[in-house]
Amino acid sequence: MKGLCQDQPFAVLATQGEGQPYVSLISFAITENLRQIVFSTPSETRKATLIAGNSKVSLMIDNRSQQPESINLICGLTITGNAKVLDDETEIKKWGQALTTKHHYLKKFVDSPTSNLILVETTRFFYVRRFQEVYQWTPGQAS
């Protein structure tokens, strides 16, 4: 799970609101212990608005682009968690640096006054490999 999270640059973020799910492609960074995920979005986006109304999110990370030969070689990870817009300057600096360390090309975007940093506190992981092997892990529990 950790390797997949660290190696993949993008995730699909699922939010919900107005009676509908909504998904977005995001660039993200995750902590070494897999407990926090950070990403940035302009403050006036649908995802920012939906997170403000409902903090429960899900992210999907996979390696399908690297395994075109067989579905049995694809690994996927669904992560559930609670998201919040960061508003503390110290936290914004810390998490902005974590994100731009992985995605240096996002520096201007992350530093823009019209962008928000979103922090997701992870609650559960569902790891699928070989098409049907499914493993569940909750941060804070033995692995």
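In this text, all values refer to a predicted model and were calculated from it rather than measured experimentally. (Residues numbered from 1 in each chain as written. Predicted model: local features only at pLDDT ≥ 70, side-chain atom pairs only at ≥ 80, totals over all residues. Heavy atoms only, no water.)

*Asks:* So what exactly am I meant to see when it comes to the pattern of salt bridges here?
*Replies:* Opposite charge on two side chains lets them pair, provided their charged atoms get close. Under the defined criterion, the tally for this structure stands at 2 salt bridges. For E32, the salt bridge identified is with K2, shortest N-O distance 3.2 Å. Separated by 30 residues along the polypeptide, E32 in the loop between β3 (29–30) and β4 (36–42) and K2 in helix α1 (residues 2–7) bring together distant segments of the chain. The exposure class assigned to E32 is exposed, which follows from its relative accessible area of 52%. For D111, the salt bridge goes to K107, with nearest N and O atoms at 2.6 Å. One end of the pair, D111, and the other, K107, are both in helix α4 (residues 107–111), 4 residues apart, so they sit about a helical turn from each other. Given the relative accessible area of 45%, K107 is considered partly exposed. (Salt bridge = Lys/Arg side-chain N within 4 Å of Asp/Glu carboxyl O. Helix = DSSP H or I, 4+ residues; strand = E, 2+ residues; numbered from the N terminus. Buried < 20%, exposed > 50% of the residue type's maximum accessible area, 1.4 Å probe, protein only.)

*Asks:* Mind showing me how you'd approach the packing of aromatic side chains here?
*Replies:* How two aromatic rings sit relative to each other is given by the distance of their centres and the angle of their planes. Summed over all chains, the structure comprises 1 aromatic pair. Measuring from ring centre to ring centre gives 6.4 Å for Y127 and Y135, while their planes differ by 35 degrees; the resulting arrangement is tilted. Sitting over the ring of F28, K102 keeps its end group 4.0 Å from the ring centre. (Phe/Tyr/Trp six-rings, centres within 6.5 Å; stacked < 30°, edge-to-face > 60°. Lys NZ or Arg CZ within 6 Å of the ring centre and 35° of its normal.)

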